[in-house]
Amino acid sequence: MPVRLSDRIGVGIAYVAGTILIVAVAVIMLWLIVQGLGTISWDFLTGEPAPGTLEQGVSGGILPAIVGTFLVVAFGMAVAFPLGLGVAIFLTEYRQPAWLAKGTDTAIDLIFGVPSIVFALFGLAIFSQGWLSFISNPVGDTGMATAQSFFCSSLMMALIGLPPVVRSSQAAILGVPDQQREAAYALGKGRLTTIRRIVVPGARPGIATGIVLGVGRIAGDTAIVWILLGGAVLQAPPDGWYLPWNLMDFLRSEGSTLTTYIFFSSPAGEGNSPGPAYGAAFVLMVVILIVNIALIRLSRRKIGKR
Amino acid sequence: MDPNDDQQRLDERAKRQEWRHALDRSADLRAAGDPTDPTAVAATPPPPPAAPAPDPLAAVEPAPFGAAAAVPAPPASAAEPDPVALAQPLAQPAHVADPADLVLAARGLRVAFSGNEILHGVDLDAPRGGVLALVGPSGCGKTTLLRSINRLTELAPTATIGGQILFDGADVYAGGTDLNLLRRRVGMVFQQPNPFPMTIFDNVAFAIREQAKRRPSRGELMPQVADVLQRAGLWDEVKDNLDRNALSLSGGQQQRLCIARTLAANPEVILMDEPCSALDPRSTARIEELIVQLAGSLTIVIVTHNLAQAKRIADYAAYLLNGDLIEQGIAQQVFEDPANQSTRDFVAGMFG
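Residues numbered from 1 in each chain as written. Chains lettered and ligands numbered in written order. Predicted model: local features only at pLDDT ≥ 70, side-chain atom pairs only at ≥ 80, totals over all residues. Heavy atoms only, no water.

Undergrad: Is there a simple way to explain the packing of helix H7 (residues 218-231) of chain B against helix H9 (residues 251-264) of chain B in this structure?
TA: Packed helix pairs are specified by the crossing angle of their axes together with the interaxial distance, meaning the distance between the axes. Residue and element names in this part refer to chain B. Contact geometry of H7 with H9 gives a least axis separation of 8 Å together with a crossing angle of 130°. Compared by their axis directions, H7 and H9 come out oblique. For the pair H7 and H9, the sense of crossing is right-handed. When H7 is examined against H9, the residues Val228, Leu229 and Arg231 are found in contact with a partner set consisting of Leu257, Ala260, Leu263 and Ala264. (Axes fitted to C-alpha atoms, helices over the stretch in contact; angles between N-to-C directions. Helix = DSSP H or I, 4+ residues; strand = E, 2+ residues; numbered from the N terminus. Parallel < 35°, antiparallel > 145°, perpendicular 65-115°, else oblique. Left-handed = near helix turned anticlockwise from the far one by under 90°. Contact = heavy atoms within 4.5 Å.)

Structural data, given as structure tokens:
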């Protein structure tokens, strides 16, 4: 233990802060488990939402919501990850021209700071134009598009998933020692080879952290889903939506994710059935946790044999 | 991580530092002694037998300093004109008469970082074959000179470079130079061993793989990998675990791996930037042995802080001070009977 009083106070504050954090997280998790676990059953996980949710216990299952979350995350990251990694490489390894680098930097900060509902509204304005109806559906013969589909929401999700990918990858790439770049250059390797074979592999754990953070942001977002995927949770998905040949139709249709399901079925939404809301919240937490652990595990390279 | 591991590593580091200091002290003591100290002379190994140029050291040995007229005729086997001309003025190609014998030459090389000039117009001659040691006090520009040869200096965006570096007679700073080819032909070994965080095999294979159009298989690469590991004197230690992480090797082994990696690109010249300064004496001795061996088939330009090391391994030497090349020539000449007062003070251990 430190001897000086000021040191003791500092250490004390650190202990208290750490303890508060742990207690807060533990209480939230416990609450979710206690409240949610009772609702979770095989039927709940694999069923489709029932038509009426005003009475608790008959609100049906959350399978479409789980699938929706996976779809939005997968499509969103499919755009955000390559784009984000590319931006990170540009910002660290090239930074030329300077004005473009500066502009990109500012843009990333802005995207990071702006609430997702702003992007959702913007997306609505864009995707509702008639000529873009191929990624959602036309609205009768008004010449407009619904702007509500997995495609539309995923595209905007890519935007909010981008900043964490860029920032984490950037930090990780900067952490790759210059000596390794020099070693590669001194072996007659070009810049591209050096980036591909030395810099990016060396930055892998940090890049994975970026993906995890991006996945968390996308899976947790409600505003974009509500506006660009649809707020009608209980509208049953099209018949046979899970069949592969209906995939395009399904992706162009409205849907739901776990977050909108939670909102809808919570007492704040129309559903007024906190049980399923807690259950879905618990599932969402577990899903994100699994994705985190899997990605971090995968990113850890084990070099050679011991 | 095992805390004992950390402790052990710390202990090792402390030990290594002690050794290094001891080594430096002994180097200083040696340098401070009589320049004709027989041990110092004995420590200078003869130049490699396979050097393509006629043996310059043997030719110069009997000649006292300044007695250029007394230089013996070149060996009968050499078709080139007299390789030794010691009476020429300072900082001139004093030891090689035929420019075709120079594998590398700097001509009026000026390097500045953010306008602060580090090298003030350096003319350096590196004869083909053998070991050229660049010596001088800290901050004299040795490393900058070395890194300008394979154009690593320009990785710093603030660097401005003027003058020429001639490699096989062609200016590497001329437009249209294939940088990647230049850096394969002029390899480099760094001060800190810097293997990639890959397996031992992949470290060596990296140099070969990426310059091939198709990705060769492990079986195809193995003979080459084994060959360069053998030439770097590492094969016997690693042949049974080529799939181990290269970073699990000791510092000396890592540095030999870096040399093997460099050899895999098949260079004609290897630049070495204080390759032993992070190593203990035993590893240092192994690397020095290796350098002398390699100098039989290629040219090595080595920057070293360690005068004793320079005396042990160098065939030629160049002395730099504050960004100027003060003196260059046959190593024995520079170290034992230098023409310049500053060189004399430096090799006598009066500063630096």
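Structure's up, so let's keep going.
Undergrad: What exactly am I supposed to notice about the interface of chain A and chain B here?
TA: When the parts of a complex come together, some accessible area is lost, and that lost area is often used as the size of the interface. Tallying the contact residues gives 19 residues for chain A and 29 residues for chain B. Taken together, the two surfaces of chain A and chain B that pack against each other cover about 2100 Å², and 60% of this comes from carbon and sulfur. A per-residue breakdown of the area chain A buries against chain B is headed by A:Leu187, A:Lys189 and A:Ile303, which together make up 27% of the total. Linking chain A with chain B are one salt bridge, by the criterion used here. A salt bridge links B:Arg147 to A:Glu182, with the nearest nitrogen and oxygen atoms 2.6 Å apart. Taken together, chain A and chain B are joined by five residue pairs in polar contact (both at pLDDT 80 or more). Residue assignment for the side of chain A that touches chain B shows that the elements contributing at least two residues are helix H7 (178-186) and helix H8 (191-202) of chain A. (Buried area = accessible area lost by both parts, 1.4 Å probe. Salt bridge = Lys/Arg side-chain N within 4 Å of Asp/Glu carboxyl O. Polar contact = N/O pair within 3.5 Å; in protein donor to acceptor, adjacent residues only side chain to side chain.)

Undergrad: Whenever I open this one, the sheet that holds strand E9 (residues 316-321) of chain B confuses me. Can you help?
TA: Sheet strands pair by backbone hydrogen bonding; their relative direction is either parallel or antiparallel. All names here are of chain B. Overall, mixed pairing links the six strands, which are arranged E6-E7-E8-E3-E9-E10 in an open sheet. Among the strands making up the open sheet, the edge pair consists of strand E6 (186-189) and strand E10 (324-330). Each strand axis lies, on average, 15° off the axis of its neighbour in the sheet, ignoring direction. Alignment of E9 against E10, held across six bridges, turns out to be antiparallel. Bridge pairing in E10 links Ala317 to Gly329. Across the sheet, H9 is in contact with E6 and strand E7 (269-273); its angle to E6 comes to roughly 170°. (Pairing = 2+ DSSP bridges.)

Undergrad: Looking at this structure, how should I read unusual backbone geometry?
TA: Peptide bonds are mostly trans, and most non-glycine residues show a negative phi. The step from A:Gln96 to A:Pro97 runs through a cis peptide bond, and the omega angle for that step is -5°. With respect to the element layout, A:Pro97 can be found in the loop between helix H3 (63-94) and helix H4 (98-113). One non-glycine residue, B:Glu274, lies in the positive phi region at around 45°. On the accessibility criterion, B:Glu274 (11% relative accessible area) is buried. (Buried < 20%, exposed > 50% of the residue type's maximum accessible area, 1.4 Å probe, protein only.)

Undergrad: Could you clarify how one ought to interpret the nonpolar core in this entry?
TA: In a soluble, globular protein the nonpolar side chains are often hidden away together inside. Residue and element names in this part refer to chain B. Counting residues in each nonpolar core, the largest one holds 59 residues, and the members touching the most others are Leu229, Ile259, Ile300 and Phe335. A per-element tally of this core places helix H6 (residues 200-209) first, with seven residues. Among all residues touching Ile259, those that are not within four sequence positions of it are Val189, Ala232, Met272, Ile287, Leu290 and Leu294. (Core = buried A, V, L, I, M, F, W, Y, C linked by side-chain atoms within 4.5 Å.)

Undergrad: Explain the packing of aromatic side chains to me, please; I cannot follow it from the model alone.
TA: Any aromatic ring pair is given by two values, namely how distant the centres are and how the planes are angled relative to each other. Residue and element names in this part refer to chain A. Summed over the entire model, instances satisfying the criterion amount to seven aromatic pairs over all chains. Summarising the aromatic geometry, the rings of Trp226 and Phe263 are spaced 4.8 Å apart at their centres and angled 85° between planes, so their arrangement reads as edge-to-face. Separated by 37 residues along the polypeptide, Trp226 in helix H10 (residues 223-228) and Phe263 in helix H12 (residues 258-265) bring together distant segments of the chain. Looking at Trp226, the relative accessible area reads 28%, which means it is partly exposed. Take Phe263: its relative accessible area is 36%, and that puts it in the partly exposed class. (Phe/Tyr/Trp six-rings, centres within 6.5 Å; stacked < 30°, edge-to-face > 60°.)

Undergrad: Sorry, what's going on with the side chain of B:Thr304 here?
TA: Residue and element names in this part refer to chain B. Among the structural elements, Thr304 can be located in the loop between strand E8 (299-303) and helix H11 (307-313). Only 2.8 Å separates the side chain of Thr304 from the side chain of Gln309, close enough to count as a polar contact. What Thr304 contacts, discounting residues up to four positions off in sequence, is Leu134, Val135, Lys142, Glu274, Gln309 and Ala310.

Undergrad: It is not clear to me how the pairing of E8(B) should be interpreted in this structure. Could you clarify?
TA: One face of the sheet, then the other: side chains in a regular strand alternate in exactly this way. All names here are of chain B. With five of five residues buried, E8 lies mostly within the body of the structure. Along E8, one buried face is formed by Thr299, Val301 and Val303 and the opposite face, lined by Ile300 and Ile302, is buried too. Across five bridges, strand E3 (residues 130-135) lies against E8 in parallel orientation. Pairing of Leu134 across the sheet is with Val303, part of E8. The pairing of E7 with E8 spans five bridges and is parallel. When the sheet's bridge partners are listed, Ile270 is paired in E8 with Ile300.

Keep in mind these numbers describe shape, not what the thing actually does.
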